[in-house]
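So you can see what is in the structure, the chains are spelled out below.
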Amino acid sequence: RVLRMAASFALVILISGGSVMALSPTARAAVMGWLFGQEGTVFSYTSMGTKTESEVFYKYDLAVIPEGYVLWQEIVDETQSIMLYAEEETGLLLKLTATPNDGTGAMFLITTTDQKEIVQIGDITADFYPSESEDSSPGLAWVDPDNDYLICLDGFFCQEELIDMAISLVKTEIPIS
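Residues numbered from 1 in each chain as written. Predicted model: local features only at pLDDT ≥ 70, side-chain atom pairs only at ≥ 80, totals over all residues. Heavy atoms only, no water.

A.B. asks: Whenever I open this one, the overall build of the protein chain confuses me. Can you help?
C.D. replies: A count of helices and strands for the protein chain gives three helices and 12 strands. Sequence separation of 24 or more characterises 50% of the internal contacts of the protein chain that already satisfy a separation of 6 or more. Roughly 11,300 Å² of accessible area belongs to the protein chain as shown, and the carbon and sulfur atoms make up 59% of that amount. (Helix = DSSP H or I, 4+ residues; strand = E, 2+ residues; numbered from the N terminus. Contact = heavy atoms within 4.5 Å. Areas by Shrake-Rupley, 256 points an atom, 1.4 Å probe, with all protein chains shown as cover.)

Here's what the structure looks like:
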């Protein structure tokens, strides 16, 4: 009798929860965010690997800089690699960042949108974050499976152009001193 009551109670909870999910976009978004590591515009990328002590750091760079852009600033140390390119006439930025796994297994990306689309960069699955306004740029984010770096590429380019740039990235080993 107790088991039957517990099963009935669980059934009521499941049906109620399913009804709320079906009728409420806010509830659906909250559950999907919980399942896929999203809290508002903060996305979590989980790594199955652990931090390995390495004597090298990887710097990522574009193989081909888009026409009209120049390397404006480069920040490279053992915690990150940031390459900023600026369009000479307008000053629009193209940003490429690479952050290694710090050993916690989680890397976070803060975006201006809570929307994302799953895309392919060669054989790597990535997330495309569309722009929600003329003031923000779309971007791509993925984890490099070879060395567990979170890579982000964003700029005022269409999805296909960003994917083409991502496919042609050059990875260089830099010794840690």
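A.B. asks: Help me out: how do you make sense of helix α3 (residues 159-167) in this one?
C.D. replies: Side chains of residues three or four places apart in an α-helix project in the same direction, reflecting 3.6 residues per turn. Those residues of α3 not exposed but buried are Q159, L162, I163, M165 and A166. Seen end-on, α3 carries its buried residues on one side only, within an arc spanning 160 degrees. Turned more than 90 degrees away from the buried face of α3 sit E160, D164 and I167, all of them exposed. If you follow the buried residues of α3, they end up packed against β6 (93-100), β8 (117-121), β9 (124-129), β10 (139-144) and β11 (149-155). (Buried < 20%, exposed > 50% of the residue type's maximum accessible area, 1.4 Å probe, protein only. Arc of directions from axis to C-beta.)

A.B. asks: I would appreciate a short explanation of the sheet that holds β8 in the present structure.
C.D. replies: What links the strands of a sheet is backbone hydrogen bonding, and the strands pair in either a parallel or an antiparallel sense. Judged by pairing direction, the sheet is antiparallel, and its seven strands sit side by side in the order β4-β5-β6-β11-β10-β9-β8 without closing on themselves. In this open sheet, the two strands that pair with only one neighbour each are β4 (69-77) and β8. The mean inter-strand angle of the sheet, taken between neighbouring strand axes irrespective of direction, is 20 degrees. The sheet contact formed by β4 and strand β5 (residues 80-87) spans eight bridges and is antiparallel. Note that in β5 the partner of L71 across the bridge is Y85. Packed onto the sheet, α3 meets β6, β8, β9, β10 and β11 and runs at close to 40 degrees relative to β8. (Pairing = 2+ DSSP bridges. Axes fitted to C-alpha atoms, helices over the stretch in contact; angles between N-to-C directions.)

A.B. asks: How do you make sense of the confidence of the model for the protein chain when you look at a structure like this?
C.D. replies: Any region with low pLDDT has predicted coordinates that should not be read closely. Summarising the model, the protein chain shows a mean pLDDT of 76, and 68% of its residues fall at 70 or more. For the stretch residues 28-42, pLDDT sits under 50, and the model shows 20 contacts to residues farther than four places along the chain or on other chains. (pLDDT = per-residue confidence, 0-100.)

A.B. asks: Looking at this model, I keep getting lost on the side chain of S137. Mind explaining?
C.D. replies: Among the structural elements, S137 can be located in the loop between β9 and β10. In terms of polar contacts, S137 uses its side chain to reach the side chain of D154, at 3.3 Å. Sequence-distant contacts of S137, that is, excluding residues within four places in its chain, are made with S131, D154, G155 and F156. (Polar contact = N/O pair within 3.5 Å; in protein donor to acceptor, adjacent residues only side chain to side chain.)

A.B. asks: What should I look at first to understand the environment of I176 in this one?
C.D. replies: Here I176 lies in the segment after β12 (170-175). For the pair formed by I176 and V56, sequence separation is 120 residues and the distance between their alpha carbons is 5.2 Å.

A.B. asks: Could you clarify how one ought to interpret the side chain of S81 in this entry?
C.D. replies: With respect to the helices, strands and loops of the structure, S81 is situated in strand β5. In this structure S81 comes out as buried when scored by relative accessible area, which is 1%. The contacts of S81, once residues within four sequence positions are left out, are F57, Y58, K59, Y60, I75, V76, L96, T97 and A98.

A.B. asks: Would you explain the nonpolar core in this entry?
C.D. replies: Nonpolar side chains tend to gather and get buried jointly when the protein is soluble and globular. Counting residues in each nonpolar core, the largest one holds 26 residues, and the members touching the most others are Y60, L94, L140, W142, I151, L153 and L162. Broken down by element, this core gets its largest block of residues, four residues, from α3. (Core = buried A, V, L, I, M, F, W, Y, C linked by side-chain atoms within 4.5 Å.)

A.B. asks: Would you mind going over the pairing of β10 with me for this structure?
C.D. replies: For a regular strand, the rule is simple: side chains alternate between the two faces of the sheet. Among the six residues of β10, five are classified as buried, and the element is accordingly described as predominantly covered. Note: β9 against β10, three bridges, orientation antiparallel. Bridge pairing links F128 to L140 in β10. Where β10 lies against β11, six bridges are found, and the strand directions are antiparallel. Residue pairing for β11: W142 is matched across the bridge by I151. Connecting the antiparallel pair β10 and β11 is a turn made up of four residues, with D148 showing a positive phi of about 65 degrees.

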